[in-house]
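Examining the three-dimensional arrangement
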Amino acid sequence: MTLTSGQVAKRAGVGVETLRFYEREGLLPEPARRASGYRQYPECTVERVEFIRRAQLLGFQLKDIKELLALRDDPGADRQDVRAKAVAKLADIDQRIRDLEAMREALTQLVATCHGSGPAGGCPIITAIAQTRDTVSDSV
């Protein structure tokens with residue numbers, strides 16, 4: 001049984017344009033077409049789209065997802081390769097958390113310098129942001 005773009009999109013919880021985007025990015029194989037030109041997807045496409053969406057929710061970029069799909073589809077691929085990709089993503093997430101924590105601390109310090117009344121032009125937050133980039137980046 002084959003499915004139309006609309007059917008796949010509905011079952012996978014995405015838009016039809018998302019399917020076309022995934023095709024252009026090489027995440028979905030180009031489907032067969034009916035004589036009328038309409039795309040015909042195999043049912044397994046729904047599961048593949050769901051896999052892509054779940055991988056995105058875990059923070060994987062499309063390039064990484066394409067590699068994960070290739071590993072999944074390769075009967076000779078080793079779990080270590082998949083694990084290495086997950087470990088690298090985890091390290092990336094940890095770094096982003098550290099960066100966000102540093103930004104939060106810098107912004108918390110800036111907020112503490114402003115009592116919240118008076119003209120915005122003289123606000124210490126505005127002043128600190130307007131100073132050389134080294135001043136703000138040293139805090140972040």
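Cut-offs applied
Residues numbered from 1 in each chain as written. Predicted model: local features only at pLDDT ≥ 70, side-chain atom pairs only at ≥ 80, totals over all residues. Heavy atoms only, no water. Salt bridge = Lys/Arg side-chain N within 4 Å of Asp/Glu carboxyl O. Helix = DSSP H or I, 4+ residues; strand = E, 2+ residues; numbered from the N terminus. Pairing = 2+ DSSP bridges.

On to the pattern of salt bridges. Evaluated as defined, the whole model comprises 11 salt bridges. As a salt-bridge pair, aspartate 92 and lysine 89 come within 3.1 Å of each other at their nearest N and O atoms. Of this pair, aspartate 92 and lysine 89 are both found in helix α5 (residues 79-112), three residues apart, which corresponds to roughly one turn of the helix.

Looking at the secondary structure, you find glutamine 7 in helix α1 (residues 5-12). Distance in space between the C-alpha atoms of glutamine 7 and tyrosine 41 is 9.2 Å, their sequence separation being 34 residues.

Judged by pairing direction, the sheet is antiparallel, and its three strands sit side by side in the order β1-β3-β2 without closing on themselves. Each having just a single partner strand, β1 (2-3) and β2 (32-33) make up the two edges of the open sheet.

In short, shape yes, function no, at least from these values alone.
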